[in-house]
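So the chains spell out like this:
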Amino acid sequence: MTDTQYDLVVIGGGPGGYVCAIRAAQLGMKVACVEKRGSLGGTCLNVGCIPSKALLISSEKFAEAQHDLAAHGVKVGGVELDLKTMLARKDKVVLDLTKGIEFLFKKNKVDYKIGSGAIAAPGKVKVTLNAGGEETLATKNIVIATGSDHVDLPTMAVDEKRIVSSTGALALASVPKHLVVVGAGYIGLEMGSVWRRLGAEVTVVEFLDRITPGMDGEVAKQFQRVLTRQGFKFRLGTKVTGAKPGKAGIDLTVEPAGGGAPETISADIVLVAIGRKPHTAGLGLDRAGIKTDAKGRVEVDDHFRTSLPGVYAIGDVIRGPMLAHKAEDEGVVVAEIIAGQSGHIDYDAIPGVVYTWPEVAAVGKTEEELKAANVAYKVGKFPFAAGSRARANGFTEGFVKILADAKTDRVLGAHIIGPDAGTLIAELVLGMEFKAAAEDIARTCHAHPTQNEAVKEAALAVAGRAIHV
Ligand code: FAD
Ligand code: NAI
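Please read all numbers here as calculations on a predicted model, not as lab measurements. (Residues numbered from 1 in each chain as written. Chains lettered and ligands numbered in written order. Predicted model: local features only at pLDDT ≥ 70, side-chain atom pairs only at ≥ 80, totals over all residues. Heavy atoms only, no water.)

Q: How should I be thinking about the sheet that holds strand S12 (residues 250–256) in this particular structure?
A: For sheets, the rule is that strands pair by backbone hydrogen bonds, running either parallel or antiparallel. On the basis of which strands lie adjacent, the open sheet formed by three strands has the order S11-S12-S13 and antiparallel pairing. Pairing within the sheet leaves two strands with one partner each, and these edge strands are strand S11 (238–245) and strand S13 (263–267). When strand polarity is set aside, the average angle formed by the axes of neighbouring strands in this sheet is 30°. (Pairing = 2+ DSSP bridges. Helix = DSSP H or I, 4+ residues; strand = E, 2+ residues; numbered from the N terminus. Axes fitted to C-alpha atoms, helices over the stretch in contact; angles between N-to-C directions.)

Q: Would you mind going over the pairing of strand S20 (residues 399–405) with me for this structure?
A: Two faces, one strand: in a regular strand the side chains alternate between the faces of the sheet. When you tally the buried positions in S20, you get seven out of seven residues, the bulk of the element. In S20, alternate side chains face the same way, and those of Phe399, Lys401, Leu403 and Asp405 on one face and Val400, Ile402 and Ala404 on the other are all buried. Relative to S20, strand S19 (residues 377–383) runs antiparallel, the two being bridged by seven bridges. Residue Lys381 lies in a different strand from S20, and its bridge partner there is Lys401. Judged from the six bridges that link them, S20 and strand S21 (residues 411–418) form a sheet pairing that is antiparallel. (Buried < 20%, exposed > 50% of the residue type's maximum accessible area, 1.4 Å probe, protein only.)

Q: What am I meant to see in unusual backbone geometry here?
A: Glycine aside, residues mostly have negative phi, and peptide bonds are mostly found in the trans state. At the junction of Trp357 and Pro358, the peptide bond is cis and its omega measures out at -5° in the coordinates. Along the chain, Pro358 turns up in the loop between strand S17 (352–354) and strand S18 (359–364). Of the consecutive residues His448 and Pro449, the connecting peptide bond is found in the cis state with omega at -5°. With respect to the element layout, Pro449 can be found in the loop between helix H13 (438–442) and helix H14 (453–462). A positive phi angle is found at Lys435, which is not glycine, with a value near 55°.

Q: Even after reading the chapter, I still don't get the packing of aromatic side chains, so can you show me in this structure?
A: Aromatic ring pairs: the centre-centre distance and the angle between the two ring planes describe each pair. Under the counting rule described, the total for this entry stands at three aromatic pairs. Seen in terms of ring centroids, Phe105 and Tyr112 are 6.2 Å apart; in terms of plane orientation they differ by 75°. Their pairing is edge-to-face. Ring geometry for Phe232 versus Phe234: centroids 5.8 Å apart, planes at 15°, classification stacked. Given a relative accessible area of 2%, Phe232 falls into the buried group. Here the guanidinium or amino end of Lys381 rests over the ring plane of Phe399, the centre of that ring lying 4.8 Å away. (Phe/Tyr/Trp six-rings, centres within 6.5 Å; stacked < 30°, edge-to-face > 60°. Lys NZ or Arg CZ within 6 Å of the ring centre and 35° of its normal.)

Q: Would you mind showing me how to read the site of ligand 1 here?
A: Inspection of the region around ligand 1 gives 39 residues, with Glu35, Thr43, Lys53, Gly117 and Ala324 positioned closest. Between an oxygen atom of ligand 1 and a side-chain N or O atom of Glu35, the distance comes to 2.7 Å. At 2.8 Å from a nitrogen atom of ligand 1 is found a main-chain nitrogen or oxygen belonging to Gly117. Only helix H1 (15–26), strand S2 (31–35), helix H2 (42–47), helix H3 (49–68), strand S3 (111–121) and helix H9 (324–338) provide two or more residues apiece to the shell around ligand 1. Taken together, the residues that form the shell around ligand 1 break down as 14 nonpolar, 19 polar and six charged. (Near = heavy atom within 4 Å. Polar contact = N/O pair within 3.5 Å; in protein donor to acceptor, adjacent residues only side chain to side chain. Nonpolar A, V, L, I, M, F, W, Y, C, P; charged D, E, K, R; others polar.)

Q: I'm lost on the site of ligand 2 in this one. Help?
A: Of all residues adjacent to ligand 2, which total 23 residues, the nearest are Glu190, Glu206, Gly275, Met322 and Val353. Between ligand 2 and the protein, one listed contact pairs an oxygen atom with a backbone N or O atom of Tyr186 at 3.1 Å. It is helix H6 (residues 186–197) that provides the largest number of residues to the shell around ligand 2, a total of four residues.

Q: I would appreciate a short explanation of the domain arrangement of the protein chain in the present structure.
A: For an interface, size is often stated in terms of accessible area lost upon the parts coming together. Taken domain by domain, the protein chain comprises domain 1 (5–150 + 277–345), domain 2 (163–274) and domain 3 (349–461). Placing a centre on the C-alpha atoms of domain 2 and another on those of domain 3 gives a separation of 29 Å. Between domain 2 and domain 3 the total buried area reaches about 1500 Å² when both faces are included, carbon and sulfur atoms providing 59% of it. By the criterion of area lost to domain 3, the three top residues of domain 2 are Asp216, Glu218 and Val219, representing 33% of everything that side buries. Applying the counting criterion to the domain 2 and domain 3 interface returns four salt bridges. Secondary-structure elements contributing two or more residues to the side of domain 2 that touches domain 3 are H6 and helix H7 (217–229). Here the side of domain 2 that touches domain 3 gets seven residues from one element, more than from any other, and that element is H7. Its residues placed into classes, the side of domain 2 that touches domain 3 shows six nonpolar, five polar and five charged. (Domains from an automatic or database assignment. Buried area = accessible area lost by both parts, 1.4 Å probe. Salt bridge = Lys/Arg side-chain N within 4 Å of Asp/Glu carboxyl O.)

Q: What's the story with the pattern of salt bridges in this structure? I'm lost.
A: Under the definition given, this model contains 26 salt bridges. Residues Lys381 and Glu218 are paired through a salt bridge, measuring 2.3 Å at the closest nitrogen-oxygen approach. Separated by 163 residues along the polypeptide, Lys381 in strand S19 and Glu218 in helix H7 bring together distant segments of the chain. Judged by relative accessible area, Lys381 falls into the partly exposed class, the value being 35%. A salt bridge links Lys326 to Glu330; the shortest N-O distance between them is 3.2 Å. Of this pair, Lys326 and Glu330 both sit in helix H9, separated by four residues, roughly a single helical turn. You can call Lys326 buried: its relative accessible area is 1%. Overall, the relative accessible area of 0% leaves Glu330 in the buried class. Connected through shared salt-bridge partners, Asp216, Glu218, Glu367, Lys371, Lys381 and Lys401 make up one network.

Q: I keep staring at the sheet that holds S19 and nothing clicks. Help me out?
A: Strand order in this open sheet of five strands is S17-S18-S21-S20-S19, and the pairing throughout is antiparallel. The open sheet has two edge strands with one neighbour each: S17 and S19. Across this sheet, the average inter-strand angle for adjacent strands is 10°, counted without regard to direction. Packing of helix H12 (residues 421–433) onto the sheet brings it into contact with S17, S18, S20 and S21, and relative to S18 it is tilted by some 10°. (Contact = heavy atoms within 4.5 Å.)

Given below as structure tokens:
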């Protein structure tokens, strides 16, 4: 048992955990954060958001040099891929950022314990140190922020060599000839984009009859069309029923989701991206009497309290979208709740972004959700092709779509497919936080010429008065 009496011990140093630890320290608490990876930043910084975005930008530059610069009158000859340098750059970005969190911990006087944490009893966290030995931390409060892991297909386990999860797909030593991606969600389409741009043939096998379930249907259709033009092949309504070693690497057996004749697809690499599951192994939840739900997620109430007093949970390990910014916001709010303040998150105003080219971003309700809930709504849409900046830049793919309440004009959802959609959505998220009407956005002055003008025009279109279409 250590002598220090902590106010808070956070188990897990991902975006949920490390942000919670820093916010709690800012609020005057004595805080420790336990992380077993040997590096802070969690899935997001180590094997998720950041390395994937590093490879997305690098591969985008490669594709741009090959296909797009000539139209601007910029001639580049002999464009070559140096994959080793591309991967090393990604690793350096990760290292710099994870070390940055260590610096922030020191600055905020958060104790960093490198090891696996388990809940030994209320107010006690046992840490099995990576360096050997054990330490028990006494604490008033515990936050579980242990994140998530990839899901395996029952018919094939990930070996991170031929059958990879996103972690393996971030570190392939060579460009696969044929990459088969199982799952047309966030990971499949982002990592598929990276390797497609670098020259792989990419086939996406998806169980449902559409890509990106949960995304507005019209946007998803356009997204699939754009990716198909980029060379993606889609096998929708298809399930993988088996895998065995083959000439190219792996022979996958697939068949129609509803049943039918099986077929073989040969791949040298298979990326399994069918979702993620909460990570609770080794935490001692059963022993401590902490309840989980049917999906294995730690059950929490509106204040992130688990069934054991003094123990809270946030991020991917609880309900809600598995997104880094959602985990971060919950980290801040739970620290404030523990400090006796009142924190709040509007789960209707959490954006989701797919960082492909073009990007796809959304916040709030989709048309399908509004229809299902019998909400009367108006739609305002504006295509980037009608915008002057998009034309000047040569990035004209996609549109902005705003859904507003038919009676009150309040913005209920917004969906963007287009250049920098992930950045453009921010003004709509802010608008929704402030309960803005579409007219509020339409009457806000937007700089010219910017891509953001497409957001203003879509807001004008809600009232049928867009200027440039
Ligand atoms: P995690 O980041 O998973 O962190 C949990 C940490 O807890 C881990 O480091 C783990 O080692 C540690 N841990 C677990 N158990 C213990 C224990 N018993 N003791 C000590 N430590 C423990 N989200 C976005 O918003 N934007 C993106 O662009 C994006 N891209 C992604 C790309 C990929 C390839 C992947 C896989 C995910 C991506 N995500 C993205 C999702 C994002 O990474 C997660 O939502 C986010 O990391 C969740 O944060 P967290 O703190 O809840 O958990
Ligand atoms: P996902 O939930 O986004 O997509 C999984 C896809 O696999 C779905 O389309 C689903 O229908 C399909 N599927 C499920 N079982 C299948 C099966 N047996 N055969 C074929 N298809 C099947 O999950 P993904 O892509 O693994 O990502 C996990 C999570 O990580 C995301 O939901 C997201 O929360 C997070 N993430 C976020 C990113 C971002 O914000 N840009 C990027 C990457 C991941």
